[in-house]
Amino acid sequence: MHFKLPWRNLWRNPRRTLIIMAAVIIGVWSMVFLSALMRGMSENMFENGISILTGDLQIHQKGYRSDPVIENSMSNPGEVKRVLAETLPEGARWASRIRVNAIAQNARHSAGITFVGVDPDKEKYVSFIKPAAVSEGKYLSEGDQRRILVGKALLEKFETRIGHKIVIMAQDTNGEIASKAFRIGGVFRSELSSTEKQYVFVSKDAAKELLRLSSGISEFAVLLEDHKRVDQIAGRIAEKLPEGYEVHTWKDLLPMMKAWTAMIDGFNLIWYVVVFIAMGFGIINTLLMAVYERMREFGMLKALGMKPVWIIRNVLCESFYILFLGIVIGDIIGLLSLAPLFQSGLDLSAMAVGAEMAGLSRVIFPSLNPNDMILANTVVLFSGLLVTLYPAVEAARITPVEAMMKT
Amino acid sequence: MKIVESINVSKTYQQGKVAVNALKNVNLTIEKGEFMALAGPSGSGKTTLLNLIGGLDLPGEGKIIVNGNDYSKMNPSQLAELRLFKIGFVFQAYNLIPVLSAVENVEYVMLLQGAPEKERKEKAERILDEVGLGDKYSRRPNELSGGQQQRVAVARAIVSNPAIVLADEPTANLDSKTGDGLLTLMKKINEKKQVTFIFSTHDRMVMEYAARMVHIRDGQVAEDTKK
C-alpha cells in the first residue's frame, strides 16, 4: 500500500497529472530526438572531415604544413613506413600521397585545384576516394600514367566529359612549371561539392613523373578503427619518428570541425538545462498545488503517527511515477519519431550551401547513442525528484494543529 | 490507574500581535477506561487540551503525562511513535484518505506500524465487522454516508488497540440518530476493550453518554463531575 497510495493520489486530479506528464514527455522526447540529430550531424561532420583526405592523423615533413610545396616533401618515406608498421594497432590503415597545389585547365576553363597522387589500392581504405565514389568511368589503378579522376562538380564547371583531356600545371622539384595532359578516366562524387571542385587524383607514379620527384612523399594519412585513440597513437608515432617530422591529428588539421563538434555538445547541454528548468518549474508548481490541497490530510496522517520522512517519501513516490511514465513514453515517442529518419535521413538540400559550409552532407542521419538517452533520462528523473523535494518538505513540515485549522 | 495527567498546563497562542491564553494552569487526571467529555463553548480551550493530550501540540508551561510518557522529555519522532501505537484519533470531519477504501483506511495505521499484510487485512476486516460495516470493505469514503465514514474513523482509531481514543466533536457533522448510534458503538468498545475515550464536545447527547464531564471555561477547568 506504500506504493498504491501515491499512485492513486496521482489520479485524484487526472488532468493535472496528465498535463505535467505531457511536459515530461515533451522534454524527454526533445532531448532524445535532438541529441540523436545533433550527434548524427556531429558524426557526419567528423566522417566527412576525416574522409576528405585528412584521416585521423597525418605525418608531414617539418615545414610542409606552413608551406605545402613539393620541396617540403619527405625524402625518406621508408623510415615513416617502418614506424607505422611498428606502431599502428590492428585494423588501422595508412596511405601515402603526393599533394601539391596546381592549376587545371581545358580549352574553356581553368581553376586552382589540389593535385593528389595516390596509391589507389591503399587510398581506398583511408579516404573517400575509392571505387564506390566513382560514378562514371573507372577508379585508378597502380601505375596509371595518363588517367585522372575529377569531381563531378569540376567536370560540370569545365563543361567537359569523361574521355576528354585536362591539363595540370604545377611547380616541379626543380622549381620549373611542369604540365601534363591527362585523360579523364573517372568522375568521382563526394558528399560535398566543394570537394568535387577542389581535388583531382592521379596515380602516385603519374604525379612523380609530372613533378620530377624520385621517392618523395607529401604526407602519410592514417585511419584508425577506434577514432578515440587518435591522441595516444599520434603521441606514440611522434615518439618513434626521427627529428624532422610532424604528426598532426584531425583536431590540429580541422580546427573548425573540432569547434563545431564542441559547440554541438554544448548545445545539447544547454538544451538539457532549458528542459530541466521548464520542466522543473512545472513539476514544482503542480506538486505544490497538489500538496497544498492535501495539507489537512498530511496533518491528519501526522496526527495518526506518520513520520515526516514517510510523507516526503510518498510525495517523491508520486513524482517518481509521473517522471518514470513520462520518461518511458517520451523515449518511445522519441524512438518512433527517429525511426523514419534512420531510414531516409533528414534532407538538408534546402539549406545545402549553409550545410556544406559546416562540412555537412545534404542528408543527415540521426545517431542514437545509448549514453545520450541514459543521460537525458537521468537528468529528467533526478532533477525532477530534486525539485520535488521542495513541495515534499513543505508537506512534511506542517504540524497537525496547523493542518487541521486549514479548511 | 492514571492514563492521562495534566499538571499546571498553560498554553498561549499568538494571534497576530495579540497573545491568547488558551489554557491556564489546567490540572486534570484521567483514569484508564474512562469515557469522558471535555465540554465548553467554542474558544474555551477544550480542543487545545485535546491536542496537548494527543501530543499534537506541546504546552507552554506544565507537563502532560500519557500512559507514563512525559511529553516534555520526548522529541517529535518519539511523540509520533506514541501516537501511532497508543493514541487513536477521531476527527469531526472524519478525515479519511479519499483514495483508499474503508478497509484500506483502517489498514493504513497498521501499515505505518509495520504489521504484515495478512494480519493487517484480517484485523481491519474484523474491526469493520465490529463497527457494523462488514459489507462496506471496499467502499471509498465518497461512497459512504457521514455516519458510516465516522464508523470507519472509529475503526481506524481502535484498530491498533490504543490506550486512549481522542475524539474531537465526533458527532458534530452527524444527525442525532446517526450520532446516537456512533456513541453507542464507542461506549460498547469502551466497556468491552477498556479503551479510554476522551471527547471534546458541546453536543448534549455526547455529554449524556459521558461518565465524566469536565467543563472548560476561559482555559480553565470550571467543573469536573462524575456520574
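**Student:** Explain the overall build of chain B to me, and be specific about the residues and the numbers.
**Tutor:** Counting its secondary structure elements, chain B contains seven helices and ten strands. Across its three principal axes, chain B shows a C-alpha extent of roughly 50 × 40 × 40 Å. For chain B, the proportion of its 227 residues judged to be buried stands at 56%. Of the roughly 9700 Å² of accessible surface on chain B, 46% is carried by carbon and sulfur atoms. Taking the average place of the 30 positive charges on the side chains of chain B and the average place of its 27 negative ones, the gap between the two points comes to 1 Å.

**Student:** Which residues make up the overall build of chain A, and what are the values?
**Tutor:** When its secondary structure is counted, chain A shows 15 helices and twelve strands. By principal-axis analysis of the C-alpha atoms, chain A measures approximately 100 × 45 × 30 Å. When the 407 residues of chain A are sorted by exposure, 52% land in the buried category. A separation of at least 24 residues holds for 77% of the contacts in chain A among residues at least 6 apart in sequence. Summed over all atoms, the accessible surface of chain A reaches about 18700 Å², with 60% contributed by carbon and sulfur. Between the averaged position of the 45 positive side-chain charges in chain A and that of its 40 negative side-chain charges there is a distance of 7 Å.

**Student:** I'd like a rundown of the environment of Q198 of chain A, residues and numbers included.
**Tutor:** Residue and element names in this part refer to chain A. Relative to the helices and strands, Q198 is located in helix α6 (residues 193-198). According to the relative accessible area criterion, Q198 is partly exposed, its value standing at 31%. Once residues lying within four places of it in the same chain are set aside, the contact partners of Q198 are I113 and T114.

**Student:** Tell me about helix α2 (residues 76-86) of chain B, and please be specific about residues and values.
**Tutor:** Turning to α2 of chain B, its buried residues are L79, A80, L82, R83 and L84 of chain B. Where the residues of α2 of chain B are buried, they touch α11 (295-304) and α12 (308-344) of chain A together with β5 (69-70), β6 (87-90) and α3 (102-113) of chain B. The residue sitting at the N-terminus of α2 of chain B and contributing the capping side-chain oxygen is N75 of chain B; that oxygen lies 3.1 Å from the backbone nitrogen of S77 of chain B.

**Student:** Run through unusual backbone geometry, naming residues and quoting values.
**Tutor:** All names here are of chain B. A positive phi angle, close to 60 degrees, is found at Q194, a residue other than glycine. Tracing the chain through its elements places Q194 in the loop between α6 (176-193) and β8 (196-201). Accessibility expressed as a relative area gives 41% for Q194, which makes it partly exposed. With a phi close to 50 degrees, D218 is a non-glycine residue in the positive phi region.

**Student:** I'd love a proper account of the nonpolar core, names of residues and values included.
**Tutor:** If you look at the biggest cluster of nonpolar residues, it comprises 97 residues, and the most contacted ones within it are Y108, L128, F197, I198 and F199 of chain B. Setting aside residues no more than four positions away along its own chain, L128 of chain B makes contact with A102, V103, V106, L133, G134, Y137, V152 and A155 of chain B.

**Student:** Any details on the sheet that holds strand β4 (residues 61-66) of chain B? Residues and values, ideally.
**Tutor:** All names here are of chain B. Strand order across the open sheet formed by four strands is β2-β1-β4-β5, with antiparallel pairing between neighbours. Every other strand in the sheet has two partners, leaving β2 (18-31) and β5 as the edge strands with one partner each. Here two bridges tie β4 to β5, and the two strands are oriented antiparallel to one another. Residue pairing across strands places I65 opposite D70, the latter belonging to β5. Against the sheet, helix α1 (residues 46-53) contacts β1 (2-15), β2 and β4, and its axis sits at roughly 60 degrees relative to β2.

**Student:** Summarise the pattern of salt bridges; cite the residues concerned and give the values.
**Tutor:** Applying the stated criterion across every chain, the model contains 33 salt bridges over all chains. When the shortest N-O distance is used, the salt bridge between D119 of chain A and K204 of chain A registers 2.8 Å. Note that D119 of chain A is positioned in the loop between β3 (110-118) and α4 (120-126) and K204 of chain A in helix α7 (residues 204-211), a separation of 85 residues in sequence. A relative accessible area of 14% means that D119 of chain A is categorised as buried. A salt bridge links R212 of chain B to D224 of chain B; the nearest nitrogen and oxygen atoms lie 2.7 Å apart. Of this pair, R212 of chain B sits in strand β9 (residues 212-217) while D224 of chain B sits in strand β10 (residues 220-226), and the two are twelve residues apart along the sequence. Under the relative-accessibility criterion, D224 of chain B is labelled partly exposed at 38%.

**Student:** I'd like a description of the sheet that holds β8 of chain B, backed by residues and values.
**Tutor:** All names here are of chain B. Pairing in this open sheet of six strands is mixed, and the strands run β6-β7-β8-β3-β9-β10 from one edge to the other. In this open sheet, the two edge strands, each paired with only one partner strand, are β6 and β10. Along the sheet, successive strands turn relative to each other by an average axial angle of 20 degrees, direction set aside. The sheet contact formed by strand β3 (residues 35-39) and β8 spans five bridges and is parallel. What sits directly across from F35, in β8, is F197. The strands that α2 touches are β6 and β7 (164-168); relative to β6, the one it contacts most, it runs at about 75 degrees.

**Student:** Quick one: what's the story with the environment of K302 of chain A, residue by residue and with numbers?
**Tutor:** Position of K302 of chain A relative to the elements: it lies in helix α11. A sequence separation of 160 residues divides K302 of chain A from E142 of chain A, and the C-alpha atoms of the two residues are 86 Å apart. Setting aside its immediate chain neighbours within four residues, K302 of chain A contacts P308, I311, A396, R397, I398 and P400 of chain A together with R83 of chain B. Here the side chain of K302 of chain A touches A396 of chain A through a polar contact of 2.6 Å, landing on its backbone oxygen.

**Student:** I'd like a description of the interface of chain A and chain B, backed by residues and values.
**Tutor:** Tallying the contact residues gives 22 residues for chain A and 26 residues for chain B. Where chain A abuts chain B, roughly 2200 Å² becomes buried across the two surfaces, and 67% of that area is made up of carbon and sulfur atoms. Area buried by chain A at its contact with chain B is led by M1, R8 and L304 of chain A, which between them contribute 31% of it. Across the chain A-chain B interface, the total number found is three salt bridges. Residue K4 of chain A pairs with E104 of chain B through a salt bridge whose shortest N-O separation is 3.3 Å. Taken together, the connections running from chain A to chain B amount to seven residue pairs in polar contact (both at pLDDT 80 or more). Examining the composition of the side of chain A that touches chain B, we find that seven residues originate from one element, α11 of chain A, more than from any other.

**Student:** Account for the packing of helix α2 (residues 14-54) of chain A against helix α10 (residues 255-293) of chain A, naming residues and giving values.
**Tutor:** All names here are of chain A. Between α2 and α10, whose axes approach to 10 Å, the crossing angle comes to 175 degrees. By the criterion of interaxial angle, the relationship of α2 to α10 is roughly antiparallel. Tallied by class, the residues present in the contact of α2 with α10 amount to 20 nonpolar, nine polar and four charged.

**Student:** So what about the packing of α2 of chain A against α12 of chain A? Which residues, and what values?
**Tutor:** All names here are of chain A. Where α2 contacts α12, the axes come no closer than 7 Å and their chain directions differ by 40 degrees. Of the possible angle classes, the one that applies to α2 and α12 is oblique. The element α2 and its partner α12 pack so that their crossing is right-handed. When the residues that make up the contact of α2 with α12 are grouped by side-chain class, the tally is 18 nonpolar, five polar and one charged.

Reading guide: rules and limits
- Residues numbered from 1 in each chain as written.
- Chains lettered and ligands numbered in written order.
- Predicted model: local features only at pLDDT ≥ 70, side-chain atom pairs only at ≥ 80, totals over all residues.
- Heavy atoms only, no water.
- Helix = DSSP H or I, 4+ residues; strand = E, 2+ residues; numbered from the N terminus.
- Buried < 20%, exposed > 50% of the residue type's maximum accessible area, 1.4 Å probe, protein only.
- Areas by Shrake-Rupley, 256 points an atom, 1.4 Å probe, with all protein chains shown as cover.
- Lys, Arg positive; Asp, Glu negative; His and termini not counted.
- Charge placed at Lys NZ, Arg CZ, Asp CG, Glu CD.
- Contact = heavy atoms within 4.5 Å.
- Polar contact = N/O pair within 3.5 Å; in protein donor to acceptor, adjacent residues only side chain to side chain.
- Core = buried A, V, L, I, M, F, W, Y, C linked by side-chain atoms within 4.5 Å.
- Pairing = 2+ DSSP bridges.
- Axes fitted to C-alpha atoms, helices over the stretch in contact; angles between N-to-C directions.
- Salt bridge = Lys/Arg side-chain N within 4 Å of Asp/Glu carboxyl O.
- Buried area = accessible area lost by both parts, 1.4 Å probe.
- Parallel < 35°, antiparallel > 145°, perpendicular 65-115°, else oblique.
- Nonpolar A, V, L, I, M, F, W, Y, C, P; charged D, E, K, R; others polar.
- Left-handed = near helix turned anticlockwise from the far one by under 90°.

Don't take any of this as a statement about function, it's just geometry.
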